[in-house]
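One-letter residues, chain by chain:
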Amino acid sequence: GANHLTLRALELARLSPKPEIIGDLLEAMREITESHVLAQAQAEYFPAPHQTLTIAEGRNGSIFSFSCRSGARLGGGSRQQINALGRYGRHTGIAWHMAEDMAIVDANEVELAEVLAERAQNNHVGYIVSLAVEQNPSLLSAWKSLGQSGDANEALAFAEAVKNTGAVQRGRQRLVNETWAAQR
């Protein structure tokens, strides 16, 4: 899986007429690895919203940034254009991660219950859940309970409680801000 993709990315970067792409790729790989280590560490505790976004930046942000920078390099872009597209890619990657996280809340009840229960059982805390717990700390015990039970009805009740905190609206506002930041 991932090792094969990494090897393929290195092979393609090596063939690039722009040697800087290898440095960009290595930087992206370093960021991805660091975010993976951070995500594993977060399995031991409940992360704050900014910590979930740090992981999003390290994963999606670095991949999107690398892709945009590489495209700019291959297209003969100036240093300013390469940097601007790299920033664009980073913000777009974070926004993509956030949109994916929020799409769960808008899923039908069966999918919502399944995904929330699975995430709770793996203590895979997304941005919206983290925002909700920050707003209403009593939801942390509900999250832990859901992680132990995996019960669909408990997952739906938890999702409703998350919505009642206003976390979804605040998450959407942050998504809009991230999207606007990508356009600057």
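See the structure above.
All values derive from a computational prediction rather than experimental measurement.

Calculation rules
- Residues numbered from 1 in each chain as written.
- Predicted model: local features only at pLDDT ≥ 70, side-chain atom pairs only at ≥ 80, totals over all residues.
- Heavy atoms only, no water.
- Axes fitted to C-alpha atoms, helices over the stretch in contact; angles between N-to-C directions.
- Helix = DSSP H or I, 4+ residues; strand = E, 2+ residues; numbered from the N terminus.
- Parallel < 35°, antiparallel > 145°, perpendicular 65-115°, else oblique.
- Contact = heavy atoms within 4.5 Å.
- Nonpolar A, V, L, I, M, F, W, Y, C, P; charged D, E, K, R; others polar.
- Expected span 1.5 Å × (residues − 1).
- Bend = angle between axes of the 7 residues up to and from the residue.
- Core = buried A, V, L, I, M, F, W, Y, C linked by side-chain atoms within 4.5 Å.
- Buried < 20%, exposed > 50% of the residue type's maximum accessible area, 1.4 Å probe, protein only.
- Patch = residues over 30% accessible without salt bridge, like charges linked within 9 Å, V, L, I, M, F, W, Y side chains within 5 Å.
- Areas by Shrake-Rupley, 256 points an atom, 1.4 Å probe, with all protein chains shown as cover.
- Salt bridge = Lys/Arg side-chain N within 4 Å of Asp/Glu carboxyl O.
- Polar contact = N/O pair within 3.5 Å; in protein donor to acceptor, adjacent residues only side chain to side chain.

Q: I'd like a description of the packing of helix H4 (residues 79-105) against helix H5 (residues 109-121), backed by residues and values.
A: Describing two packed helices takes the angle between their axes plus the distance from one axis to the other. Between H4 and H5, whose axes approach to 8 Å, the crossing angle comes to 120°. Relative to H5, the element H4 lies oblique. Contact residues: H4 offers Asp101, Ile104 and Val105, while H5 offers Leu112, Val115 and Arg119. Taken together, the residues of the contact of H4 with H5 break down into four nonpolar, no polar and two charged.

Q: Residue-level account of the packing of H5 against helix H7 (residues 139-149), with values.
A: At a minimum axis distance of 7 Å, the contact between H5 and H7 shows a crossing angle of 95°. Put simply, H5 runs roughly perpendicular to H7. Across the interface between the two elements, Leu116, Ala117, Arg119, Ala120 and Gln121 from H5 touch Trp143, Leu146, Gly147 and Ser149 from H7.

Q: I'd like to hear about helix H3 (residues 49-74), residue by residue, with values.
A: Between its first and last C-alpha, H3 extends 36 Å over 26 residues, near the 38 Å set by a 1.5 Å rise per residue. The largest bend along H3 reaches roughly 35° and is located at Gly61. Remark: Gly76 follows H3 within two positions and exhibits a positive phi of approximately 80°.

Q: Please give an account of the environment of Ile128 that cites residues and values.
A: Along the chain, Ile128 turns up in helix H6 (residues 127-135). Sequence separation between Ile128 and Lys163 is 35 residues; the distance between their C-alpha atoms is 9.1 Å. If sequence neighbours within four positions are ignored, Ile128 has contacts with Asp101, Met102, Val105, Val162, Ala167, Val168 and Gly171.

Q: Help me get a handle on the nonpolar core, residues and values and all.
A: Core analysis: the biggest nonpolar cluster contains 29 residues, and Met98, Leu116, Ile128, Val129, Trp143, Leu146 and Phe158 have the highest contact counts within it. Counting only elements with at least two residues in this core, the list comes to H4, H5, H6, H7, helix H8 (152-164) and helix H9 (167-183). Dropping the residues within four chain positions of it, Phe158 is found in contact with Leu116, Val129, Leu139, Ala142, Trp143 and Leu146.

Q: Can you tell me about a nonpolar patch on the surface, naming the residues and giving the values?
A: A surface patch of nonpolar side chains, amounting to about 200 Å² of accessible area, comprises Leu10, Ile22 and Leu26. Here Leu26 lies in helix H2 (residues 20-42). Judged by its relative accessible area of 39%, Leu26 falls in the partly exposed class.

Q: Pulling in residues and values, what's your account of the side chain of Gln42?
A: With respect to the helices and strands, Gln42 occurs in helix H2. In terms of polar contacts, Gln42 uses its side chain to reach the backbone carbonyl oxygen of Gln51, at 3.4 Å. If near-sequence neighbours (up to four positions away) are discounted, Gln42 is found in contact with Pro47, Gln51, Thr52, Ile55 and Asn123.

Q: Could you give me a rundown of the pattern of salt bridges, with the residues and numbers involved?
A: In total, this model carries six salt bridges according to the counting rule given. Of the charged contacts in the structure, one is a salt bridge between Arg119 and Asp101, with a shortest N-O distance of 2.8 Å. Of this pair, Arg119 sits in helix H5 while Asp101 sits in helix H4, placing them 18 residues apart in sequence. A residue is classified by how much of its surface remains accessible, and Asp101, at 8% relative accessible area, is buried. Within the structure, one salt-bridge network assembled from shared partners comprises Asp24, Arg69 and Arg73.

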